[in-house]
Amino acid sequence: MKVLVTGHRGFIGTVMVPMLLEEGFEVTGLDTDLYRYCTYGDEPLAVPTIAKDVRQVEPRDIEGFDAIVHLAALSNDPLGNINPDLTYDINHRASVRLAEIAKAVGVDRFLFASSCSMYGKAGEDVLDETAEFNPVTPYAKSKVYVERDVSQLADRHFSPVFLRNATAYGVSPRIRFDLVINNLVAWAYTTGKILLKSDGTPWRPLVHIEDITQAVICALRADKPVIHNLAVNVGSNSENYQMRELAQFVKETVPNCEVEYAEDAGPDPRSYKVNFDKIHSVFPDFKTRWTARMGVEQCYESYRRFGLSKDDYEGIRYKRIAHITNLIEQGKLSRDLFWQ
Ligand SMILES: NC(=O)c1ccc[n+]([C@@H]2O[C@H](COP(=O)([O-])OP(=O)(O)OC[C@H]3O[C@@H](n4cnc5c(N)ncnc54)[C@H](O)[C@@H]3O)[C@@H](O)[C@H]2O)c1
């Protein structure tokens, strides 16, 4: 099966691509490689690549593929907040256009990396796929708009599937430190402090990037009617955690560190628990292999081997927003994120 993975040079993509190859998929990537100077450890595996902005994709780029896994996006809230319109351009409008082109050229399986963050504020409810959307940021709103618009394209020649990933974690050649587990462990390892920005009560559903890939593999292999216009949460019921539990795992893993609450720590409104029953009913082979505690251990071991320093962690290399801002200031990227 010939699969095009957009955003294959990012945090998730660089772990997903080798796993897809191992499972026998023929993979091509499409990415503008915004984080080309941000490699952590070994370089990502090279695969045939269309080095292109997703906003400029043409029909001939995607003709002949059996499926698209669409990961390319501005992937975090602060990045989305610097210029919300850019987030809507790349994450929403370009995704819908990509889906339209895919449909026009006969690529009938379109997997979209959606996010549980579209549920937004939820309090104590456990949210399943029928829950109301309450997106708080342009990033989360962009995911809602893509699902709304791309689901309209579904017909007997085009089957989109919306994989609503929980908050990801894990080690990757394009690591991100802005994700809660990766962040707490990095901070603890480099400063001896586990810094909680809330009072520790908010809930978050978590999922390892390899388990996200397992869901993608299931969606690539499933019969068309199973995935047709499907929206499904990706994660596991047992992997909803309160921040203070995660802090405890970090304390038990990283030697000599203490939990510290930020001065203005209060209950974070973005607290939500997610129900993951549906993914098990639609993909009987899907099973998460990771737990948050294992993720904490994986990050700790990796930072130790790498010798991660506070400067590495705080510098612009691994901070998506600081890195992009710096590339713009140097004139390497235009304000709308095209390479110059
Ligand atoms: N990491 C998470 O917690 C999480 C959770 C839910 C959903 N997702 C989604 O999964 C996808 C991948 O996330 P990630 O963590 O790997 O993000 P990332 O920022 O690490 O990678 C995104 C990749 O997309 C590329 N890209 C960005 N804009 C592009 C453009 N205009 N044209 C071509 N390529 C472009 C970047 O160069 C990068 O390689 C995103 O859609 C994200 O919203 C991530």
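- Going by an unreviewed UniProt entry, the protein chain carries the name NAD-dependent dehydratase and comes from Marinobacter lutaoensis.

**Description of the pairing of strand 5 (residues 109-115)**
- With respect to burial, strand 5 is a largely interior element, 7 of its 7 residues being buried.
- Here strand 5 shows a buried face lined by Arg109, Leu111, Ala113 and Ser115 and a second buried face lined by Phe110, Phe112 and Ser114.
- Here 7 bridges tie strand 5 to strand 7 (residues 159-165), and the two strands are oriented parallel to one another. Its bridge partner lying in strand 7, Phe110 is registered against Pro160.

**Notes on helix 11 (residues 292-306)**
- Its 15 residues place the ends of helix 11 21 Å apart at the C-alpha level, agreeing with the 21 Å of an ideal helix rising 1.5 Å per residue.
- Along helix 11, the residues that are buried comprise Ala292, Gly295, Val296, Gln298, Cys299, Tyr300, Ser302 and Tyr303.
- Elements that come into contact with the buried residues of helix 11 comprise strand 8 (167-169), helix 6 (180-191), strand 10 (203-208), strand 12 (240-242) and helix 9 (243-253).
- Directly beyond the C-terminal end of helix 11, a positive phi value near 70° is found at Gly307.

**Focus: the site of the ligand**
- Around the ligand, the structure places 31 residues, and the nearest of them are Asp31, Val54, Ser75, Tyr139 and Arg176.
- Residue Ser75 places a side-chain N or O atom 2.6 Å away from an oxygen atom belonging to the ligand.
- Between Lys143 and the ligand, the recorded distance is 2.8 Å, taken from a side-chain N or O atom to an oxygen atom.
- Here the ligand has 840 Å² of accessible area as a free molecule, and 98% of this is covered by the chains.
- Among the elements of the structure, strand 5, helix 5 (138-151) and strand 8 are those that each provide at least two residues to the shell around the ligand.
- The leading source of residues in the shell around the ligand is strand 5, at 3 residues.
- In terms of residue class, the shell around the ligand is made up of 14 nonpolar, 8 polar and 9 charged.

**Some points on the side chain of Asn233**
- With respect to the helices, strands and loops of the structure, Asn233 is situated in strand 11 (residues 230-234).
- On the basis of relative accessibility, which here comes to 0%, the residue Asn233 falls in the buried class.
- Engagement of the side chain of Asn233 in a polar contact is seen with the backbone oxygen of Asn275, the distance being 3.1 Å.
- Those residues in contact with Asn233 that sit more than four places away from it in its chain are Cys116, Tyr119, Leu127, Asp128, Glu129, Arg164, Val274, Asn275, Phe276 and Ile279.

**Some points on the sheet that holds strand 12**
- Read from one edge to the other, the open sheet built from 3 strands follows the order 8-10-12, with strand pairing classed as mixed. Of all the strands in the sheet, just strand 8 and strand 12 have a single pairing partner and so form its edges. Across this sheet, the average inter-strand angle for adjacent strands is 50°, counted without regard to direction.
- Sheet topology note: the strand 10/strand 12 ladder contains 3 bridges and is antiparallel. The residue bridging Trp203 from the neighbouring strand is Gln242, located in strand 12.

**Remarks on the sheet that holds strand 5**
- Within the open sheet, the 7 strands sit side by side as 3-2-1-4-5-7-11. Their pairing is parallel. Only two strands of the sheet have a single partner each, and these edge strands are strand 3 (49-50) and strand 11.
- Pairing of strand 4 (residues 67-70) with strand 5 involves 4 bridges; the strand directions are parallel. Paired with Ile68 across the strands is Phe110, a residue of strand 5.
- Lying over the sheet, helix 7 (residues 209-221) contacts strand 1 (2-6), strand 4, strand 5, strand 7 and strand 11, oriented at roughly 155° with respect to strand 5.

**Quick notes on the packing of helix 6 against helix 9**
- Direction vectors running N to C along helix 6 and helix 9 enclose 45°, while the axes themselves pass 10 Å from each other. The angle between helix 6 and helix 9 falls in the class oblique. Both helix 6 and helix 9 take part in a crossing whose hand is right-handed. Of helix 9, the residues touching helix 6 (which contributes Val180, Ile181, Leu184, Val185 and Ala188) are Met243, Leu246, Ala247 and Val250.
- The residue makeup of the contact of helix 6 with helix 9, split by class, is 9 nonpolar, no polar and no charged.

Reading the values: rules and limits
- Residues numbered from 1 in each chain as written.
- Predicted model: local features only at pLDDT ≥ 70, side-chain atom pairs only at ≥ 80, totals over all residues.
- Heavy atoms only, no water.
- Buried < 20%, exposed > 50% of the residue type's maximum accessible area, 1.4 Å probe, protein only.
- Helix = DSSP H or I, 4+ residues; strand = E, 2+ residues; numbered from the N terminus.
- Pairing = 2+ DSSP bridges.
- Expected span 1.5 Å × (residues − 1).
- Contact = heavy atoms within 4.5 Å.
- Near = heavy atom within 4 Å.
- Polar contact = N/O pair within 3.5 Å; in protein donor to acceptor, adjacent residues only side chain to side chain.
- Areas by Shrake-Rupley, 256 points an atom, 1.4 Å probe, with all protein chains shown as cover.
- Nonpolar A, V, L, I, M, F, W, Y, C, P; charged D, E, K, R; others polar.
- Axes fitted to C-alpha atoms, helices over the stretch in contact; angles between N-to-C directions.
- Parallel < 35°, antiparallel > 145°, perpendicular 65-115°, else oblique.
- Left-handed = near helix turned anticlockwise from the far one by under 90°.

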